[in-house]
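# Structural features, examined
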Amino acid sequence: MNFEILLLLFFLMFISLFYTTSPSYSKEKWAKFALTIFCFAYPFFVENFNWKILLKSIYYIVIPLALWFIYYRIFYWSPENAMNRSLTERFYTILGSYMGLGYLLSLGCFILVERRKWLMVMIIMTIMISLGSRSPLLFSLITILI
């Protein structure tokens with residue numbers, strides 16, 4: 001039932017492409033929403049999911065990337081770097097990636113809660129707070145509480 005509601009929303013967004021006042025932004029938003037539908041359709045096509053691989057990739061790839069991001073963001077916005085900071089710097093173009101990192105960390109939280117590894121859950125939530133990814137953190141907390 002949830003997937004059908006998502007498809008209905010996708011169809012309504014498609015219809016809105018024809019009467020929008022901002023054609024370029026609406027196409028971009030529609031394409032990004034299509035990725036969300038792909039994520040929800042994934043379980044229909046995959047029978048087995050190896051959560052150990054996901055958890056290892058979170059431990060060895062996502063957490064180090066998140067820690068690097070936190071460190072570099074502190075350096076980038078520091079008063080000492082004010083003269084060197086520019087909008088054309090590569091880090092400025094990836095500033096929005098903290099949400100993706102937070103989302104992946106929240107997926108790891110779900111697995112760790114199921115495995116009852118509370119210390120790692122707390123570490124990952126602390127990293128999510130440090131990243132500034134409030135939405136994935138709130139989503140994780142509400143989902144875990146439910």
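All of the points below concern the structure found in this document. (Residues numbered from 1 in each chain as written. Predicted model: local features only at pLDDT ≥ 70, side-chain atom pairs only at ≥ 80, totals over all residues. Heavy atoms only, no water.)

The next thing to look at is helix α6 (residues 118-131). If you check α6, its first and last C-alpha atoms are 20 Å apart, about what 14 residues at 1.5 Å a residue would give, namely 20 Å. For α6, the complete set of buried residues consists of V121, I124, M125, I127, M128 and L131. Taken end-on, α6 shows its buried residues confined to a sector of 155°, consistent with a single buried face. Turned more than 90 degrees from where α6 packs its buried face, L119, M122 and I129 sit exposed. Trailing α6 by a residue or two, G132 shows a phi angle of about 90°, which is positive. (Helix = DSSP H or I, 4+ residues; strand = E, 2+ residues; numbered from the N terminus. Expected span 1.5 Å × (residues − 1). Buried < 20%, exposed > 50% of the residue type's maximum accessible area, 1.4 Å probe, protein only. Arc of directions from axis to C-beta.)

This paragraph deals with the packing of α6 against helix α7 (residues 134-145). Direction vectors running N to C along α6 and α7 enclose 150°, while the axes themselves pass 9 Å from each other. Note on element contacts: α7 touches α6 through P136, L137, S140, L141 and I144, opposite M125, M128 and I129. Looking at side-chain class alone, the contact of α6 with α7 contains 7 nonpolar, 1 polar and no charged residues. (Axes fitted to C-alpha atoms, helices over the stretch in contact; angles between N-to-C directions. Contact = heavy atoms within 4.5 Å. Nonpolar A, V, L, I, M, F, W, Y, C, P; charged D, E, K, R; others polar.)

Time to look at the packing of aromatic side chains. Enumeration over the complete set of coordinates arrives at 1 aromatic pair. For the ring pair F110 and F139, a centre distance of 5.8 Å and an interplane angle of 75° mean the geometry is edge-to-face. Pair noted here: F110 is in helix α5 (residues 98-115) and F139 is in helix α7, with a separation of 29 residues, a long-range link. Residue F139 is classed as partly exposed on the basis of its relative accessible area, which comes to 44%. (Phe/Tyr/Trp six-rings, centres within 6.5 Å; stacked < 30°, edge-to-face > 60°.)

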